[in-house]
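Listed here are the chains, written in short residue letters.
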Amino acid sequence: MVASSYFLLAVFLALASSQAIASDPSPLQDFCVADKYSPVKVNGFACKDPMAVNADDFFKAAKLDEPRNTMHSKVGSNVTLINVMELPGLNTLGISIARIDYAPLGENPPHTHPRATEILTVLEGTLYVGFVTSNPNNTLFTKVLNKGDVFVFPQGLIHFQFNPVHDKPAVALAALSSQNPGVITIANAVFGSKPPISDDVLAKAFQVEKGTIDWLQAQFWENNHY
């Protein structure tokens, strides 16, 4: 009897932990179209009345087949993300999509998605991509991708994409395992926070002079997500 109780407890804890580590909550109905105007605050969005839902809640004329402008980006890339904020029907479904355009020698700089794994497919051109594992190993995994190639970036890990070709642009399509994956661009977060992180803190963290940190914090850290 005691052994049986321990077994049931272990099964319950396993089920509970599997839900706790899930990126997005699993839906309990066919759909839960986001009601962005609801005063109810939940982890995500409250559901729109199903009787008021129509096909447009699941549709967006995003024109992801059209090239995006990378000319005004200091890092030479343009990320067009379609998440629950753009497409209410994604609420609770645990998925979003992004088109990423890269200028020649452009990059999507090191960043993380705190709530999603990303799978990237190259549509045109060539990309040098990679991600770094967590402490203490900090192992770098990299690959050169060509048209039609696919690469996965595990959830929460720092990753990047770079177009190594000097005279041709590149395009990729990314699927992410969250309705709202979030993005933390490392340079922007560390050197462009508002208010700024103390230069004493960053100088010690990066083992450089405070003047170097002050110079970095004075730069314009652009957001390439449009």
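From a predicted model like this one, the values you see are computed outputs, not experimental measurements.

How each quantity is defined
- Residues numbered from 1 in each chain as written.
- Predicted model: local features only at pLDDT ≥ 70, side-chain atom pairs only at ≥ 80, totals over all residues.
- Heavy atoms only, no water.
- Helix = DSSP H or I, 4+ residues; strand = E, 2+ residues; numbered from the N terminus.
- Polar contact = N/O pair within 3.5 Å; in protein donor to acceptor, adjacent residues only side chain to side chain.
- Contact = heavy atoms within 4.5 Å.
- Core = buried A, V, L, I, M, F, W, Y, C linked by side-chain atoms within 4.5 Å.
- Buried < 20%, exposed > 50% of the residue type's maximum accessible area, 1.4 Å probe, protein only.
- Salt bridge = Lys/Arg side-chain N within 4 Å of Asp/Glu carboxyl O.
- pLDDT = per-residue confidence, 0-100.
- Phe/Tyr/Trp six-rings, centres within 6.5 Å; stacked < 30°, edge-to-face > 60°.

(A) The arrangement of the side chain of aspartate 101 in detail. Along the polypeptide, aspartate 101 turns up in strand 2 (residues 96-102). Of the polar contacts made by the side chain of aspartate 101, one reaches the side chain of arginine 99; its length is 2.7 Å. In contact with aspartate 101, not counting residues within four places along its chain, are Pro67, Arg68, Thr70, Gly76, Ser77, Asn78, Ala170 and Val171.

(B) Spotlight on the nonpolar core. Of all hydrophobic cores here, the largest spans 18 residues; its most connected members are Tyr102, Leu120, Leu127 and Val129. Among all residues touching leucine 127, those that are not within four sequence positions of it are Tyr102, Leu120, Val122, Lys143, Val144, Leu145, Phe162, Asn163, Pro164, Ala170 and Ala172.

(C) Local environment of the pattern of salt bridges. Here the structure, examined in full by the defined rule, presents 6 salt bridges. The partner of lysine 60 in a salt bridge is glutamate 86, and the shortest N-O contact between them spans 3.3 Å. Note that lysine 60 is positioned in the loop between helix 1 (2-20) and strand 1 (77-82) and glutamate 86 in the loop between strand 1 and strand 2, a separation of 26 residues in sequence. The exposure class assigned to lysine 60 is partly exposed, which follows from its relative accessible area of 35%.

(D) Representation of the confidence of the model for the chain. Of all residues in the chain, 89% attain a pLDDT of 70 or more, and the chain-wide mean is 91. This model gives residues 11-20 a pLDDT under 50, and the stretch forms 1 contact once residues within four places in sequence are excluded.

(E) How the structure looks around the packing of aromatic side chains. Counting across every chain of the model gives 7 aromatic pairs. A centroid spacing of 5.4 Å and a plane angle of 75° characterise the contact between phenylalanine 31 and phenylalanine 58, whose relative ring orientation is edge-to-face. Within this pair, whereas phenylalanine 31 is found in the loop between helix 1 and strand 1, its partner phenylalanine 58 is found in the loop between helix 1 and strand 1, the two being separated by 27 residues in sequence. In this structure phenylalanine 58 comes out as partly exposed when scored by relative accessible area, which is 39%.

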